[in-house]
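Each chain, written out:
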Amino acid sequence: MNEQTPTLEMRNVGVTYRKGLLGRQVAVAAVTHVDLTIARGETLGLVGESGSGKTTLARVALGLIAPSHGSLLFEGQPFDPRVRRQGALSVVFQHPEWALNPRLKCGTSIAEPLLVQGLRDREGRRRRVQAMLAEVGLDDALADRFPGELSGGQRQRMAIARALITQPRFVVFDEAVSALDVSVQSQILNLIRRLQAQHGFAAMFISHDLAATRYVSRRIAVMRSGAFVEVATARKFYDRPDHPYSQALHATIAGEAGCAA
Ligand SMILES: Nc1ncnc2c1ncn2[C@@H]1O[C@H](COP(=O)(O)OP(=O)(O)OP(=O)(O)O)[C@@H](O)[C@H]1O
Ligand SMILES: [Mg+2]
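Since the structure is predicted, the reported quantities are computational estimates derived from the model, not experimental observations.

**Brief notes about the overall build of the protein**
Then, in step 1: Of regular secondary structure, the protein possesses nine helices and ten strands.
Then, in step 2: The globule rule puts the C-alpha radius of gyration for 261 residues at 18 Å, and the 19 Å found for the protein is close to it.
Then, in step 3: A principal-axis box enclosing the C-alpha atoms of the protein has dimensions of 55 × 50 × 45 Å.
Then, in step 4: Here the protein holds 261 residues, and the buried ones make up 40% of them.
Then, in step 5: In the protein, 69% of the contacts between residues at least 6 apart in sequence involve partners at least 24 apart.

**Regarding the pairing of strand 9 (residues 219–224)**
Then, in step 1: Note that strand 3 (residues 43–47) and strand 9 share four bridges and pair parallel. Each bridged residue has a counterpart across the sheet, and for Gly-45 the counterpart in strand 9 is Ile-220.
Then, in step 2: If you look at the hairpin formed by strand 9 and strand 10 (residues 227–233), you'll find two residues sitting between the two strands, and Ser-225 has a positive phi there, around 45 degrees.

**Brief notes about the site of ligand 1**
Then, in step 1: Lining the immediate surroundings of ligand 1 are Tyr-17, Lys-19, Val-28, Ala-30, Gly-48, Ser-50, Gly-51, Ser-52, Gly-53, Lys-54, Thr-55 and Thr-56.
Then, in step 2: Counting residues per element, the ones that place at least two in the shell around ligand 1 are strand 1 (8–21), strand 2 (24–38) and helix 1 (54–61).
Then, in step 3: The leading source of residues in the shell around ligand 1 is helix 1, at three residues.
Then, in step 4: Looking at the shell around ligand 1 residue by residue, the classes come out as three nonpolar, seven polar and two charged.

Conventions we followed
- Residues numbered from 1 in each chain as written.
- Chains lettered and ligands numbered in written order.
- Predicted model: local features only at pLDDT ≥ 70, side-chain atom pairs only at ≥ 80, totals over all residues.
- Helix = DSSP H or I, 4+ residues; strand = E, 2+ residues; numbered from the N terminus.
- Rg over C-alpha atoms; globule rule 2.2 N^0.38 Å.
- Buried ≥ 20, exposed ≤ 12 C-beta atoms within 10 Å, placed from the backbone.
- Contact = placed C-beta atoms within 7 Å.
- Pairing = 2+ DSSP bridges.
- Near = placed C-beta within 6 Å.
- Nonpolar A, V, L, I, M, F, W, Y, C, P; charged D, E, K, R; others polar.

Put into structure tokens, the structure is as follows:
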């Protein structure tokens, strides 16, 4: 592996969910065909309507589900579940509650991935947590609080701290700012950009919000019915979207902005 080896590559990836419904097997083709490369340190934005397959694609990228067809390479090698156990991949969800155990003090939750990684030294973990909290802009003292004793923005910062404490090389942000107040959203977007620049991890940023996606992404993929309809640089995508569906997405957003004004 060298500097040019992409962090993530997908070739003709598809995912079909099968579930029993009233005694019959029903198949849902959530992802039909995706080819994708994410370079080292690159952020790919992923937009598209609800149900288009964004989260499913992210779960494949994180090695949480196996694709029904196609292949996944991480740093040039066929995906090996060990890279997940080593903490090389992380995810930040819309709801920080999913990452933080309500019954554990935040500091304990943040340190947990280090324990999984095998860092037995308690004092070493405490120092890493302290440094991580500073990086996400939280006071040390908050490590002793429970998630329920924090604001929504502070909780999302905690979830980001937990996701990044193992120094992952690939991070998925799945609607990570969608549930936050607008003013807090921009703070968290700035934080994501800063952390990404400092740590150089590759990322997938999933959002319904085109402006937020543009702010953090170098390239943007537009997903519809399980496939990409357009992949373009963020600038190109905003100046001159090619696909009629991308143009429609823009028109919808412009319309909403017009109503708000
Ligand atoms: N575990 C599952 N079992 C069966 N079907 C599923 C499962 N998860 C998702 N699906 C279906 O797969 C399709 C894609 O879902 P997915 O969650 O990937 O969409 P999404 O683009 O992330 O949507 P949203 O923007 O609402 O989060 C949908 O039709 C969904 O109902
Ligand atoms: Mg989703």
